[in-house]
Amino acid sequence: MANTPQAKKRIRRNDARAAVNGARVSRIRNYVKRVETAIEGGDKNAAQAALKDAQPELARGVARGVMHKNTASRKMSRLSKRVAAL
């Protein structure tokens, strides 16, 4: 258990940051899921539009530090390939 004021504050800050970062990751997952749903539905126009919306979200996740650069790049690449194959 934290005894010092600094340690107590750090616990509060960590909890707050975890909530914000969790929301960011969830938002990214939702955007990716929209692309995957459009791909499964076979709607190329909707998939392209969803991909166009998802790419900045993935990049923002990298910039905010909630996702590794290569992970986001890999997801973008795989989604792009699947959309192009429609």
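Residues numbered from 1 in each chain as written. Predicted model: local features only at pLDDT ≥ 70, side-chain atom pairs only at ≥ 80, totals over all residues. Heavy atoms only, no water.

With that settled, consider helix α3 (residues 69-84). Given a rise of 1.5 Å per residue, 16 residues ought to cover 22 Å, and the 22 Å separating the end C-alpha atoms of α3 matches this to within 8%. Buried within α3 we find A72, L79 and V83. Each buried residue of α3 sits inside an arc of 40 degrees when the element is viewed along its axis, so together they form one side. Facing away from the buried side of α3 by more than 90 degrees, the exposed set consists of R78, K81 and A84. Where α3 is buried, its residues contact α1 (5-41) and α2 (44-64). (Helix = DSSP H or I, 4+ residues; strand = E, 2+ residues; numbered from the N terminus. Expected span 1.5 Å × (residues − 1). Buried < 20%, exposed > 50% of the residue type's maximum accessible area, 1.4 Å probe, protein only. Arc of directions from axis to C-beta. Contact = heavy atoms within 4.5 Å.)

Within the secondary structure layout, A2 lies in the segment before α1. Taking the C-alpha atoms as reference points, A2 and K44, 42 residues apart in sequence, are found 54 Å from one another. The residues touching A2, leaving out its near neighbours within four places in the chain, are A7, K8 and I11.

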